[in-house]
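Breakdown of the fold
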Amino acid sequence: MAVTHRSLSIAVESAFGSVASSTGVPDPTGLTYLSIPCERDPIIVPGEPPVSERNEGRDGPHGLPPELDTTSVGGTRQQRRTGTVTVRCDFTTLGSSAANYDATALGLLLGAGLARTIPAAATDTVTAAVSDNRFTATSLASFKLGGLIGIELSGRAEYAHVTSLDAGGLGTDIGYSPKLSRALNTTAPDVVRLLETWFVPRGTNSGTVNSSVAFRVDGVGVRSYATGCKLESLNITIDGGRLMGEFTFQAAHIFDDHGNAGGPVEPETLTGSTPHFRSCYLRLSDAASTSRTNVSGNAGDELGTIDLSVSSFDLTLTNTLTPIGQSSSLIGMSDMEVSDVVIECNITVDSPNTNISNDFRDGVIRSLLIGSGPVGAGQGMALNIPGAYLTVDPLIRQIDGEIVQQQLTYSASRFGGDNGSTDAANSPFRLALGI
């Protein structure tokens with residue numbers, strides 16, 4: 001009897017689809033795989049054969065085998081399926097596992113649908129207090145424009161995004177938005193955490209991702225591969241306070257290699273903390289005037305803060321994947337471009353906020369920043385829509401439950417409040433993890 005213990009592993013592809021130059025057929029067997037600490041139930045042998053039905057005339061009530069969309073190598077027809085691979089896992093952070101997420105399963109999952117930027121240092125110490133949205137840094141070079149920063153203040157994790165690397169024009173000050181619960185200062189002194197940040201690129205970099213990936217399903221007598229995989233959607237939800245991600249990948253090619261099955265592989269876990277929606281904030285900024293226009297001068301947006309009393313939220317990123325056709329390989333494409341991105345965040349507010357009552361009516365753009373706890377060395381996670389707009393009217397109250405609630409839905413607009421064009425500057429969405 002073969003029990004269904006199973007595992008899912010991931011590898012970075014050096015070229016989309018892992019197509020062998022000698023055959024034109026994907027060969028991912030030589031890649032270096034990392035077993036993902038993901039939930040078991042979504043791990044299945046994925047995909048369906050791409051076929052065209054044969055509808056020729058016939059002399060009776062019989063069917064004909066469908067024609068598989070494949071090719072032959074050395075006279076042997078190649079097995080082929082296409083479809084999706086689903087991965088559900090939490091966002092347990094790096095801890096002391098490595099310097100960054102490049103060689104981790106979580107980093108590869110995110111990098112198959114987003115670009116990323118890594119700060120030059122994990123921390124920076126405040127050397128002078130400047131304002132509610134600025135501080136003098138020990139090293140400006142450590143920070144990445146548009147990247148997220150975090151700090152623990154009064155036992156709570158707080159986050160902001162970097163909007164200027166020279167806020168005062170003196171070559172010393174970092175500007176950030178929205179403001180934290182207090183200005184950073186040299187008492188203690190305050191130590192800021194710099195986070196690795198994945199983001200939706202824009203402008204001439206639109207559609208860029210870190211790399212495509214390959215997956216390997218292992219079980220008792222089971223081994224299947226999926227190559228040329230890119231992130232189609234990411235849904236982030238809360239499960240008992242724990243932030244969970246359901247990643248759905250579109251695969252260009254799926255095939256089985258059960259004859260070389262080696263059995264399930266124990267997941268490779270990270271040593272950080274699992275992010276929880278506890279001891280943190282879900283924040284809106286003051287209205288941003290730099291959505292359709294870009295800031296000028298040295299300073300980026302430096303906005304105030306509105307804290308919402310939130311019981312739950314979910315956020316969904318959806319990539320439109322468009323194949324670039326190519327007939328010289330079995331998979332029929334050279335890549336799958338991210339041709340569009342849609343962000344949607346649903347928020348349940350248990351104490352309706354009147355500061356945003358007219359935001360839908362007036363088309364107000366605010367920064368939305370969702371934190372998690374804890375934040376520290378190799379810890380922390382935050383989500384940021386720097387130019388968020390409402391798609392529902394916040395004046396509507398939900399009165400079908402036990403308490404009056406406010407249901408908000410935000411999408412990502414253009415953002416121009418970062419002073420520059422490098423790294424994650426002015427990107428419409430960011431997801432950051434502690435290093």
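Preceding block: the structure.
So, here's what we can say about the structure.

Details of the overall build of the protein chain
Counting secondary structure elements, the protein chain contains two helices and 25 strands. Expected size for 435 residues packed as a compact globule is a radius of gyration near 22 Å; at 24 Å, the protein chain falls within 12% of this value. By its C-alpha atoms, the protein chain is 80 × 45 × 45 Å across when sized along the principal axes. Looking at the protein chain as a whole, 51% of its 435 residues are labelled buried. For the protein chain, contacts bridging at least 24 residues in sequence account for 73% of all contacts bridging at least 6. Looking at the protein chain as shown, the accessible area adds up to about 17900 Å², and 47% of this sits on carbon and sulfur atoms. Averaging the positions of the 28 positive and the 45 negative side-chain charges in the protein chain gives two centres separated by 1 Å.

Observations concerning the nonpolar core
Nonpolar side chains in soluble globular proteins generally cluster together in the buried interior. Core analysis: the largest hydrophobic core is formed by 70 residues, its most contacted members being V87, F215, F247, F249 and L431. The greatest single-element share of this core, amounting to six residues, is contributed by strand β23 (residues 381–390). Core analysis: the next-biggest nonpolar cluster, separate from the first, contains 18 residues, I149, I151, V192 and L194 among them.

Describing the side chain of T227
Tracing the backbone through its elements, the reader meets T227 in strand β16 (residues 222–239). By relative accessible area, which is 0% here, T227 ends up buried. Of note is the side chain of T227, whose polar atom sits 3.3 Å from the backbone oxygen of G17. The contacts of T227, once residues within four sequence positions are left out, are E13, G17, P26, P28, V213, A214, A251, A252 and H253.

What about unusual backbone geometry?
With an omega of -10 degrees, the peptide bond running from S177 to P178 counts as cis. Relative to the assigned elements, P178 resides in the loop between β13 (173–177) and β14 (191–199). At the junction of A188 and P189, the peptide bond is cis and its omega measures out at -10 degrees in the coordinates. Locating P189 in the fold gives a position in the loop between β13 and β14. Positive phi values are uncommon outside glycine, yet S154 reaches one of about 55 degrees. Mapped onto the elements, S154 comes out in the loop between β11 (148–153) and β12 (156–164).

Regarding the packing of aromatic side chains
Two aromatic rings, taken as a pair, are described by how far apart their centres are and by the angle between their planes. Within the structure shown, the criterion is met by nine aromatic pairs. Seen in terms of ring centroids, Y225 and F255 are 5.3 Å apart; in terms of plane orientation they differ by 20 degrees. Their pairing is stacked. Residue Y225 is found in strand β16, and its partner F255 is found in strand β17 (residues 242–256); the two are separated by 30 residues along the sequence. Accessibility assignment for this pair places Y225 and F255 in one class, buried. Positioned above the aromatic ring of Y33, the side-chain terminus of R216 is 4.8 Å from the ring centre.

Regarding the side chain of S142
Topologically, S142 is positioned in the loop between β10 (134–137) and β11. By relative accessible area, which is 8% here, S142 ends up buried. Apart from the residues within four sequence positions on either side, S142 is in contact with P119, A120, A121, D124 and L194.

Side note on the environment of K144
By secondary structure assignment, the location of K144 is in the loop between β10 and β11. As a C-alpha pair, K144 and G17 span 127 residues in sequence and 31 Å in three-dimensional space. The contacts of K144, once residues within four sequence positions are left out, are T117, I118, P119, V162, L165 and D423.

A closer look at the pairing of β14
Taken across its nine residues, β14 has eight buried, putting it largely inside the fold. When strand β8 (residues 115–117) meets β14, the two strands line up antiparallel, connected through three bridges. Across the sheet, residue R116 finds its bridge partner in β14, namely W198. Relative to β14, strand β9 (residues 123–131) runs antiparallel, the two being bridged by three bridges. Paired with T123 across the strands is R193, a residue of β14. Bridging between β11 and β14 involves two bridges; their strand directions are antiparallel. Counterpart to G150 in the pairing with β14 is R193. As paired strands, β14 and strand β25 (residues 430–434) are joined by five bridges and run antiparallel to one another.

Describing the layout of surface pockets
Here the largest pocket defines a volume of roughly 310 Å³. Contributing to the lining of the largest pocket are 16 residues, with P37, A105, E268, T269 and L270 lying nearest its centre. The set of elements that each furnish at least two residues to the lining of the largest pocket consists of β7 (81–90) and α1 (105–111). When residues of the lining of the largest pocket are assigned to their parent elements, the largest contribution, three residues, is made by α1. If you add up the space inside the second largest pocket, you get close to 200 Å³. Along its surface, the second largest pocket is lined by 17 residues, and V200, P201, S206, D340 and V341 are the ones closest to its centre. At five residues, strand β21 (residues 333–349) tops the list of elements feeding residues into the lining of the second largest pocket.

How each quantity is defined
Residues numbered from 1 in each chain as written. Predicted model: local features only at pLDDT ≥ 70, side-chain atom pairs only at ≥ 80, totals over all residues. Heavy atoms only, no water. Helix = DSSP H or I, 4+ residues; strand = E, 2+ residues; numbered from the N terminus. Rg over C-alpha atoms; globule rule 2.2 N^0.38 Å. Buried < 20%, exposed > 50% of the residue type's maximum accessible area, 1.4 Å probe, protein only. Contact = heavy atoms within 4.5 Å. Areas by Shrake-Rupley, 256 points an atom, 1.4 Å probe, with all protein chains shown as cover. Lys, Arg positive; Asp, Glu negative; His and termini not counted. Charge placed at Lys NZ, Arg CZ, Asp CG, Glu CD. Core = buried A, V, L, I, M, F, W, Y, C linked by side-chain atoms within 4.5 Å. Polar contact = N/O pair within 3.5 Å; in protein donor to acceptor, adjacent residues only side chain to side chain. Phe/Tyr/Trp six-rings, centres within 6.5 Å; stacked < 30°, edge-to-face > 60°. Lys NZ or Arg CZ within 6 Å of the ring centre and 35° of its normal. Pairing = 2+ DSSP bridges. 1 Å grid on protein atoms, 1.4 Å probe; cavity = no way out; pocket = protein on both sides within 12 Å on 5 of 7 lines; lining within 4 Å. Points joined across faces, edges and corners; volume = space filled by probe spheres on them.

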